[in-house]
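Results of the structural survey
The lines below spell out each chain.
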Amino acid sequence: MRRREFMTLLGGATAWPLSARAQEAGRIYRLEVLSPGPKVAPFNAAFFDELRVFGFVDGKNLKVNGGGFGLRDEQLAEIVTAMAKSPPDVIFCAAVAHMRAAQESMPTVPIVGLATDMVATGLVKSLARPGGNITGISLLVPELNGKRQDIMIEAVPGARRMAMLAEATATEPQQLKALQDAAGASGIEITIFTIRTSEDIARAMNEIKASGAAAINVLSSSLLFVNRRLVIERAAALRLPAIYEWPEVAEEGGLIGYGTRLSGIFRQAARMAIKVLRGTKPADIPVEQPRDFEMVINLKTARAIAHEIPAGLVLRADKIID
């Protein structure tokens, strides 16, 4: 199937020559990772595979303690405090909260991370000149949340009421209002349902069904991603069409996934971490943005929930699961 490639908006990725600033012979580099997923998760595996391609091999010239994998929010403070006692060469953080905690405890240690919006969250001064000890990838989340809403509106023609499922602290109120206003201009009422813990998910989705919403836009959230199986299964049980932020989620049983591939983003982040390991300061590494975007539609799921996706939308998909 075809893939769509988009130019980065600012601070595009620059290829890093294999021969440039090669790692020091005999040196053991130290990397720490703060990630909600286990080390064996496909996206984390992609991160380490990319490091290996460029000569940094876990267990050989790269030491990774591993205590930050499968990280739960309540563990963050303890993990970061322990990490600060023996600071690594670079820390890779998969969430904004992880970066904030790491920077507070280790303000001079280089950090490469993933954020909804690196500038809006205050993590960097600008995309081109981060200016501190943090760089990474700004995920264009506000724009992509809106794009997914447009796709969901097209996927459920005639709907007059839809829902957004959001983590309470993950999306700025003004972004939520902008999504509501955009839908309202098309005559569609959007209701926001928020969660704070995984225990809230089933309750929120039952409320969405009871509200009469015809579909769900599952907004960007590490909590919702970690609990994606619960969201997918509950949406199927309630026969609610839903769209997700990662194409891989549709491959796992979600109805539609639109965005950049998570494994690709982790490989991109690994290449930025390599620059740090080879001696470049985060302040001198421009923040990057996603480059490739994919729409995956799962027709098996569509049939299971008795929902017919318009043929025009199916034809535009980059991958169809049938």
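Scroll up to find the structure.
Next up on the list: the pairing of strand β4 (residues 90-93). Neither face of β4 is left uncovered, since the one carrying Val-90 and Phe-92 and the one carrying Ile-91 and Cys-93 both have all their residues buried. Pairing analysis gives four bridges linking strand β2 (residues 29-34) to β4, with the strands arranged parallel. From the neighbouring strand, Glu-32 faces β4, where its bridge partner is Ile-91. One ladder, built from three bridges, connects β4 with strand β5 (residues 111-115); its direction is parallel.

The subject of this paragraph is empty space enclosed by the protein. Within the structure shown, the criterion is met by four cavities of 30 Å³ or more. In this structure, the largest cavity encloses a volume near 80 Å³. Surrounding the largest cavity, Val-218, Leu-219, Ser-221, Leu-224, Phe-225, Arg-228, Val-231, Tyr-244, Glu-245, Trp-246 and Val-249 form its lining. Counting only elements with at least two residues in the lining of the largest cavity, the list comes to α7 (222-226) and α8 (228-237). In terms of residue class, the lining of the largest cavity is made up of eight nonpolar, one polar and two charged.

This part covers the environment of Pro-241. Note on placement: Pro-241 falls in the loop between α8 and β10 (242-244). On the basis of relative accessibility, which here comes to 4%, the residue Pro-241 falls in the buried class. Expressed as a C-alpha distance, the spacing of Pro-241 and Ala-213, which sit 28 residues apart in the sequence, is 9.9 Å. Sequence-distant contacts of Pro-241, defined by excluding residues within four places in its chain, comprise Met-152, Val-156, Ala-214, Ala-215, Ile-216, Leu-255, Ile-305 and His-307.

Let us now look at the layout of surface pockets. In this structure, the largest pocket spans a volume of roughly 1100 Å³. Lining the largest pocket are 46 residues; nearest its centre among them are Ala-95, Glu-167, Ser-221, Ser-222 and Leu-223. Those elements that provide at least two residues to the lining of the largest pocket are α3 (96-105), β5, α4 (141-155), α7 and α10 (262-277). Class assignment of the residues belonging to the lining of the largest pocket gives a composition of 22 nonpolar, 14 polar and ten charged.

With that settled, consider the side chain of Glu-248. Along the chain, Glu-248 falls in helix α9 (residues 247-251). Glu-248 gets classed as buried once you look at its relative accessible area, which sits at 15%. Among residues more than four places away in sequence, those in contact with Glu-248 are Thr-260, Arg-261, Leu-262 and Ser-263.

Our next topic: the environment of Arg-100. With respect to the element layout, Arg-100 can be found in helix α3. Assessed through its relative accessible area of 40%, Arg-100 is described here as partly exposed. Between the C-alpha atoms of Arg-100 and Ala-236, which are 136 residues apart in sequence, the distance is 36 Å. Residues contacting Arg-100, with those up to four places away along its chain left out, are Thr-121 and Leu-123. Engagement of the side chain of Arg-100 in a polar contact is seen with the backbone oxygen of Thr-121, the distance being 2.7 Å.

Ranked by size, the top nonpolar core spans 55 residues in total, and within it Leu-31, Phe-47 and Leu-165 carry the most contacts. Broken down by element, this core gets its largest block of residues, ten residues, from α10. Contact partners of Leu-165, with chain neighbours within four places excluded, come to Phe-193, Ile-195, Ala-204, Met-205, Ile-208, Ile-216, Asn-217, Val-218, Leu-219, Leu-224 and Val-231. Formed by 31 residues, the second largest nonpolar core is a distinct cluster that contains Leu-219, Leu-255, Ala-302 and Ile-305.

What follows covers the packing of aromatic side chains. Under the defined criterion, the tally for this structure stands at seven aromatic pairs. Between Phe-47 and Phe-48, the aromatic rings sit 5.4 Å apart at their centres with planes inclined by 85 degrees, giving edge-to-face as the arrangement. Pair check on accessibility: Phe-47 and Phe-48 agree, each one buried. Connected via pairs of aromatic rings, a cluster forms that spans Phe-43, Phe-47, Phe-48, Phe-69, Phe-92, Phe-225 and Phe-266. The lysine or arginine in question, Lys-39, covers the ring of Phe-48, its NZ or CZ lying 5.2 Å from the ring centre. Looking at Arg-228, its charged tip hangs above the ring of Phe-225, at a distance of 4.1 Å from the centre.

Calculation notes
- Residues numbered from 1 in each chain as written.
- Predicted model: local features only at pLDDT ≥ 70, side-chain atom pairs only at ≥ 80, totals over all residues.
- Heavy atoms only, no water.
- Buried < 20%, exposed > 50% of the residue type's maximum accessible area, 1.4 Å probe, protein only.
- Helix = DSSP H or I, 4+ residues; strand = E, 2+ residues; numbered from the N terminus.
- Pairing = 2+ DSSP bridges.
- 1 Å grid on protein atoms, 1.4 Å probe; cavity = no way out; pocket = protein on both sides within 12 Å on 5 of 7 lines; lining within 4 Å.
- Points joined across faces, edges and corners; volume = space filled by probe spheres on them.
- Nonpolar A, V, L, I, M, F, W, Y, C, P; charged D, E, K, R; others polar.
- Contact = heavy atoms within 4.5 Å.
- Polar contact = N/O pair within 3.5 Å; in protein donor to acceptor, adjacent residues only side chain to side chain.
- Core = buried A, V, L, I, M, F, W, Y, C linked by side-chain atoms within 4.5 Å.
- Phe/Tyr/Trp six-rings, centres within 6.5 Å; stacked < 30°, edge-to-face > 60°.
- Lys NZ or Arg CZ within 6 Å of the ring centre and 35° of its normal.

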